[in-house]
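Residue strings, one per chain:
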Amino acid sequence: TYDIVYFRDPFVVSGYSLSSTKRTISDIHARYPHSYYIDRVESLTDILFEDKWLQYQYYRQYMPLTAQVGEGKLAQGMIAKKRISSRARDIVFPEDEVSFSESDADIFIMQEKIDIIREYRVYVVCGDVLPLVSIKQSKTVSQKAKVTDILAAPIELLEFVKLVLLEGPRFDLIGLDVAETKDGYVLIEVNRAPQFVRYNQILG
């Protein structure tokens, strides 16, 4: 038997199957009804919190203006990204000259492009915001997103994250991507399966 079960999201690998994920969750809950389930995951819907369009319904006051993509080219001042993605892949910039169809609304959202001064990954464990944060190199047309450093978080950033946490489900382990802009902090997304590899490498 298991004391604790963690359903990590299935979206970090290609070829995932929502039907098999749904079946796995159901089977394990049936076999181990008294286990503690991290993030209180009980269904496929709970796993799908990685969907950025769903997140916008909770956190719209803290996120860039977000909409589902329509037919045609991406408007200037907007970027498009997959609703469920991994490691900042599948971000489309206006200069990419990509056209979207109506059916792409099930896959992509578009967001107002923001000028990022610094991007953070803030970790929250059982409701506690960790005081050390990752500094991320932002995804652009010419560079990949990656962690570059670990720093003590500015107090204002920690206060911003605490406000964000009031608006959505309470998870046991999350990483919030937050951008610092000239107008203040902006939430980019919430990750149920945050990557700790570089965080651990830098901190030892």
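Structure first, text after, so check above.
Residues numbered from 1 in each chain as written. Predicted model: local features only at pLDDT ≥ 70, side-chain atom pairs only at ≥ 80, totals over all residues. Heavy atoms only, no water.

With respect to the pattern of salt bridges
1) Next: Under the defined criterion, the tally for this structure stands at nine salt bridges.
2) Next: Between Arg 40 and Asp 172 there is a salt bridge, with the nearest N and O atoms lying 3.6 Å from each other. Of this pair, Arg 40 sits in the loop between β2 (36-37) and α2 (44-47) while Asp 172 sits in the loop between α4 (155-165) and β13 (173-181), placing them 132 residues apart in sequence.
3) Next: The residue Glu 159 makes a salt bridge to Lys 162 at a minimum N-O spacing of 3.8 Å. Here Glu 159 and its partner Lys 162 are both found in helix α4, three residues apart, which amounts to about one turn of the helix.
4) Next: The class of Glu 159 is partly exposed, set by a relative accessible area of 41%.
5) Next: Through salt bridges with shared partners, a single network forms among Glu 119, Arg 121, Lys 136 and Asp 177. (Salt bridge = Lys/Arg side-chain N within 4 Å of Asp/Glu carboxyl O. Helix = DSSP H or I, 4+ residues; strand = E, 2+ residues; numbered from the N terminus. Buried < 20%, exposed > 50% of the residue type's maximum accessible area, 1.4 Å probe, protein only.)

Brief notes about the packing of aromatic side chains
1) Next: All told, the structure shown has eleven aromatic pairs when counted by the stated rule.
2) Next: Taking the centre distance of 6.3 Å and the plane angle of 90 degrees together, the rings of Phe 49 and Tyr 59 count as edge-to-face. One end of the pair, Phe 49, is in the loop between α2 and α3 (52-59); the other, Tyr 59, is in helix α3, and ten residues separate them in sequence. When sorted by exposure, Phe 49 lands in the same class as Tyr 59, which is buried. (Phe/Tyr/Trp six-rings, centres within 6.5 Å; stacked < 30°, edge-to-face > 60°.)

Section: the side chain of Asp 177
1) Next: Mapped onto the elements of the fold, Asp 177 is located in strand β13.
2) Next: One polar contact links Asp 177 to Asn 191, side chain to side chain, over a distance of 3.4 Å.
3) Next: When residues no more than four places from it in sequence are discounted, the contact partners of Asp 177 are Glu 119, Tyr 120, Arg 121, Lys 136, Val 186, Leu 187, Ile 188, Glu 189 and Asn 191. (Polar contact = N/O pair within 3.5 Å; in protein donor to acceptor, adjacent residues only side chain to side chain. Contact = heavy atoms within 4.5 Å.)

Looking at the nonpolar core
1) Next: Residues Val 122, Leu 157, Val 161, Leu 176, Val 178 and Leu 187 are the most contacted members of the largest nonpolar core, which totals 23 residues.
2) Next: Contributing elements (two or more residues each) for this core: α3, β9 (118-125), β11 (132-137), α4, β13 and β14 (184-191).
3) Next: Broken down by element, this core gets its largest block of residues, five residues, from α4.
4) Next: Discounting residues that sit within four places of it in the chain, Val 122 has contacts with Val 129, Val 133, Leu 157, Val 161, Ile 174, Gly 175, Leu 176 and Val 178. (Core = buried A, V, L, I, M, F, W, Y, C linked by side-chain atoms within 4.5 Å.)

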